[in-house]
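One letter stands for each residue in the lines below.
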Amino acid sequence: MLKKLTLSIFIITMFLSNSAFAETPGFFPIQFVKDTLKNGLNVIYTIDKSAPVVATVVHYEIGSRYERPGKTGYTHFFEHLMFEATNNYKRAEIDKFVEEAGGTLNAHTATDETVYYLKLPSNYLEMALWIEASRMRGLHVDSVGVNTQKGVVSEELKMRVSNSPYGTMLEKIFKFMYEGTPYEWTTIGSLEEIQTATIDDFKGFYDGFYYPNNATLVISGDFEIAQARALVDKYFAPLPRKERPAVLPVDLLPIKEGKTEEIEDEKAQATGIFIGYRGINKSDPNSYALDLLSMILTAGQSSRIYQRLVDKDQISVQSGFFPYSMEKAGALIF
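Presented here is an overview of the structure given in this document. Remember, predicted model here, so these are calculated numbers, not experimental data.

Cut-offs and rules
- Residues numbered from 1 in each chain as written.
- Predicted model: local features only at pLDDT ≥ 70, side-chain atom pairs only at ≥ 80, totals over all residues.
- Heavy atoms only, no water.
- Helix = DSSP H or I, 4+ residues; strand = E, 2+ residues; numbered from the N terminus.
- Rg over C-alpha atoms; globule rule 2.2 N^0.38 Å.
- Buried < 20%, exposed > 50% of the residue type's maximum accessible area, 1.4 Å probe, protein only.
- Contact = heavy atoms within 4.5 Å.
- Areas by Shrake-Rupley, 256 points an atom, 1.4 Å probe, with all protein chains shown as cover.
- Lys, Arg positive; Asp, Glu negative; His and termini not counted.
- Charge placed at Lys NZ, Arg CZ, Asp CG, Glu CD.
- Axes fitted to C-alpha atoms, helices over the stretch in contact; angles between N-to-C directions.
- Parallel < 35°, antiparallel > 145°, perpendicular 65-115°, else oblique.
- Pairing = 2+ DSSP bridges.
- Salt bridge = Lys/Arg side-chain N within 4 Å of Asp/Glu carboxyl O.

## What to know about the overall build of the protein
Check the secondary structure of the protein and you find 10 helices and 11 strands. A compact globule built from 334 residues should have a C-alpha radius of gyration of about 20 Å, and the protein, at 22 Å, falls within 12% of that. Once the C-alpha set of the protein is aligned to its principal axes, its extents read approximately 60 × 55 × 40 Å. Taken across its 334 residues, the protein has 44% of its residues classed as buried. Taking all contacts inside the protein whose residues are at least 6 apart in sequence as the whole, residues at least 24 apart take part in 80%. Surface summary for the protein: the accessible area is close to 18,000 Å², and the carbon and sulfur share equals 54%. One way to put it: in the protein the 34 positive side-chain charges average out to a point 2 Å from where the 42 negative ones average out.

## A few points about the packing of helix α9 (residues 287–298) against helix α10 (residues 304–312)
Helix-helix packing: each pair is described by the crossing angle between the helix axes and the interaxial distance. Here α9 crosses α10 at 25 degrees, and the two axes come no closer than 3 Å. When the interaxial angle is binned, α9 and α10 end up roughly parallel. In this structure, α9 contributes Ile296, Leu297 and Thr298 to the contact, and α10 contributes Arg304, Ile305 and Tyr306.

## Thoughts on the sheet that holds strand β2 (residues 33–36)
Taken in spatial order, the 6 strands make up an open sheet running β2-β3-β7-β4-β6-β5, and their pairing is mixed. The open sheet has two free edges, formed respectively by β2 and β5 (104–109), since each of these has just one partner strand. Along the sheet, successive strands turn relative to each other by an average axial angle of 15 degrees, direction set aside. Set on the sheet, helix α8 (residues 225–235) makes contact with β2, β3 (42–47) and β7 (215–221); between it and β3 the angle comes to about 155 degrees.

## Considering the pattern of salt bridges
Here the structure, examined in full by the defined rule, presents 18 salt bridges. Note that Glu156 is salt-bridged to Arg160, the shortest N-O span being 2.6 Å. Taken together, the residues Glu156 and Arg160, both in helix α4 (residues 143–162) and 4 residues apart, mark about one turn of the helix. Residue Glu156 is classed as buried on the basis of its relative accessible area, which comes to 16%. We classify Arg160 as partly exposed; its relative accessible area is 45%. For Glu184, the salt bridge goes to Lys175, with nearest N and O atoms at 2.8 Å. You can call Glu184 buried: its relative accessible area is 18%. Overlapping salt bridges bring together Lys49, Asp222 and Glu224 as one network.

This is the structure we're talking about:
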C-alpha cells in the first residue's frame, strides 16, 4: 500500500527584527592575519597552540549556483574528483599520505561554496599545503578518475534522491521558490546530466573556477606565521590567476501565490508534510538569530515544535526545521 507524501509549499518572505547586536562580555573574537598573494589567493592565518595540530581549509567561490542549466551537479562531482591523482601524486595516494601522518581530510559543497580541509600534526603543515596546491592547478581530469567518480556520484544520487523516502522534496521546493535563477536546482545535481557529461565538460569547469584568485586558504593551529608564509609562497605563489567565467544572476521575482503538491511515494513508511518559505540570505545579520530560532523550535525533545506535535498532540513521530541561508537567497523548511 502506497503511503501518501504531502508536499506543501507555502511561500512568504520573513522579516526578523533589526535590533543591533550588543557587545557581549566575555566574547573573544578570533585573532587572525590576512594576506593576498599577487595571483589573487587570499590567505588567513590564525594561531592556536592549545594542541600540536594544524588545519588547512581551502574555500573556493564555486557552488551549484555557478553551474548552468543542463550541466548541473558539476560542483558536487568535483568535491569527489579532487581526491583523484594530480601532477605530483598518484590515485589514492592523498588518503594514504594523510592517514599515515595521523591526520584526517574531507570536503563539502553547497549552493555558494566548495570547501576542502585537512587536519594534521603540526609538523605536517608543508605536506598539507603541497597537496592543496597540487590539486588547485594540477588535477588529472582524465577518463580513469572521471569514470570512477561518475560511478560513485551516481550511486550517491540514487541513494539520496531516487531510492530515498521523500527524496525529491528539496528539489521540488527549490524549483518552485527559485525558478528562473541558478538556485532552482539542488547541489547534488542531475543523475542524467552527470552521466552524459564529457571529459571536456569537466575540464572546462575545472579550468574556469579552480584558480588561486577564486579561493581563500585558511591555516589554523600550532604554527609560526613566518614559516607558514614561506611555505605558502613556495607552493601557491607560482600558480597563475585567471579571469573567472560570467555567473548567472540571481533575480528573485515575487511569488504571487503558493503551491501545494501531493506525491504517492512507495518508499515512504509514513505521511510527510513539508512546508517551505522563502527566508533571508547569509549576509543578513538576522541569519544568526534564525539559527538560534531553529534550535529553539526543533532541536531535541525539549524544543517547541517537538513538544507540541509529538508529545502533546501526538499527531507526528518526528519534526524538524531547516533554515537554508545562502549568499543570495534563503529558505525555511518545516
